[in-house]
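Survey of secondary and tertiary structure
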2 protein chains.
Amino acid sequence: MLKPAERPLEQLLELMGHKGVFAILHSLQSGPLRFGALQQLTDLPPRTLSLRLKELEELRLISRTEYNEVPPRVDYALTERGQSLRPALEALVAWEEKSLR
Amino acid sequence: MLKPAERPLEQLLELMGHKGVFAILHSLQSGPLRFGALQQLTDLPPRTLSLRLKELEELRLISRTEYNEVPPRVDYALTERGQSLRPALEALVAWEEKSLR
């Protein structure tokens, strides 16, 4: 079996098959977001959202930054690799728009 | 709940999360293929491949044509809607190539 890094598309597609993952990747294209914002956006239960975010971190598509503030703040942002998904995400959105016409 | 046709992207992503579906959509861009060729391509068990092809038909991405020949011949081809996925599929392949560099 190949190592994860050697089959990035298969892993990405498997992950994007789960509810909310496309929305996370798409909305982070506009800048970092906090957990609460991602929850509102995806409407996922907190535990499921945490799992998806961990999976996206494992694929090195997003990064998690903890700020040493009171109350503590955690941001999620796209990595360079996640940003490079933009053309593919836009093409998928364009396909959907065309499909609905 | 919205009707399937009203959430085409969510349905497409869910289906592409299954092994072999991307390969089917991508290789049909070059023209129709028979069941046997799709089986070789995806390495899926026949029953699973049949199920995926039915799901792709339900999303109106592919069509199935039976030829009244001996022995009987069945072709799978992209619909116009399936063909219009080409830019998105190409962008995903380009992303993978970039990821592996």
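Per an unreviewed UniProt entry, chain A goes by the name Putative HTH-type transcriptional regulator YtcD and belongs to Calidithermus terrae.

A few words on the side chain of glutamine 29 of chain B. Residues and elements named next belong to chain B. Examined against the element boundaries, glutamine 29 turns out to sit in the loop between α2 (21-28) and β1 (33-34). The class of glutamine 29 is buried, set by a relative accessible area of 13%. One polar contact links the side chain of glutamine 29 to the main-chain carbonyl oxygen of glycine 82, over a distance of 3.4 Å. Here glutamine 29 is in contact with Leu78, Gly82, Gln83, Leu85, Arg86 and Leu89, once residues within four sequence places are set aside.

Right, let's get into the sheet that holds strand β3 (residues 73-78) of chain B. Residues and elements named next belong to chain B. Ordered in space as β1-β3-β2, the three strands form an open sheet in which the pairing is antiparallel. If you trace the sheet from one side to the other, it starts and ends with β1 and β2 (62-67), each paired once. Taken together, the six bridges between β2 and β3 define a ladder with antiparallel strand orientation. Within β3, the position partnered with threonine 65 by the bridge is aspartate 75. Against the sheet, α2 makes contact with β1, β2 and β3, and its axis sits at roughly 90° relative to β3, the strand it touches most.

The next thing to look at is the nonpolar core. Of all hydrophobic cores here, the largest spans 54 residues; its most connected members are Met16 and Leu25 of chain A together with Met16 and Leu25 of chain B. When residues in this core are grouped by element, the largest group, six residues, is from helix α6 (residues 86-100) of chain A. When residues no more than four places from it in sequence are discounted, the contact partners of methionine 16 of chain B are Leu13 and Leu92 of chain A together with Val21, Phe22, Leu25, Leu89 and Leu92 of chain B.

The subject of this paragraph is the relation of the copies chain A and chain B. For the match of chain A to chain B, the screw axis carries a shift of 0.0 Å, the RMSD comes to 0.0 Å, and the turn is 180°. Overall, the copies show the geometry of a two-fold rotation axis. Taking C-alpha positions as reference, the residue of chain A nearest the rotation axis is glycine 17 of chain A, located at 2.2 Å.

With that settled, the discussion passes to the pairing of β3 of chain B. All names here are of chain B. Burial analysis of β3 places six of its six residues in the buried class, the great majority of the element. Judged by which residues are buried, β3 turns out to be covered on both faces: Arg73, Asp75 and Ala77 on one side and Val74, Tyr76 and Leu78 on the other are all buried. Bridge analysis of β1 against β3 gives two bridges, and the strand direction is antiparallel. Following the sheet pairing, arginine 34 is matched in β3 by aspartate 75.

Moving on, we come to the packing of aromatic side chains. A complete count under the given rule lists zero aromatic pairs over all chains for this structure. When the ring centre of tyrosine 67 of chain A is taken as origin, the NZ or CZ atom of arginine 73 of chain A, which lies over that ring, is 4.0 Å away.

Attention now goes to the packing of helix α1 (residues 8-16) of chain A against helix α2 (residues 21-28) of chain A. All names here are of chain A. Here α1 crosses α2 at 110°, and the two axes come no closer than 8 Å. Regarding the angle of α1 to α2, the classification is roughly perpendicular. For the pair formed by α1 and α2, the contact residues are Leu12, Leu15 and Met16 on the first element and Val21, Phe22 and Leu25 on the second. Looking at side-chain class alone, the contact of α1 with α2 contains six nonpolar, no polar and no charged residues.

Definitions and cut-offs
- Residues numbered from 1 in each chain as written.
- Chains lettered and ligands numbered in written order.
- Predicted model: local features only at pLDDT ≥ 70, side-chain atom pairs only at ≥ 80, totals over all residues.
- Heavy atoms only, no water.
- Helix = DSSP H or I, 4+ residues; strand = E, 2+ residues; numbered from the N terminus.
- Buried < 20%, exposed > 50% of the residue type's maximum accessible area, 1.4 Å probe, protein only.
- Polar contact = N/O pair within 3.5 Å; in protein donor to acceptor, adjacent residues only side chain to side chain.
- Contact = heavy atoms within 4.5 Å.
- Pairing = 2+ DSSP bridges.
- Axes fitted to C-alpha atoms, helices over the stretch in contact; angles between N-to-C directions.
- Core = buried A, V, L, I, M, F, W, Y, C linked by side-chain atoms within 4.5 Å.
- Least-squares fit on C-alpha atoms with pLDDT ≥ 70 in both.
- Phe/Tyr/Trp six-rings, centres within 6.5 Å; stacked < 30°, edge-to-face > 60°.
- Lys NZ or Arg CZ within 6 Å of the ring centre and 35° of its normal.
- Parallel < 35°, antiparallel > 145°, perpendicular 65-115°, else oblique.
- Nonpolar A, V, L, I, M, F, W, Y, C, P; charged D, E, K, R; others polar.

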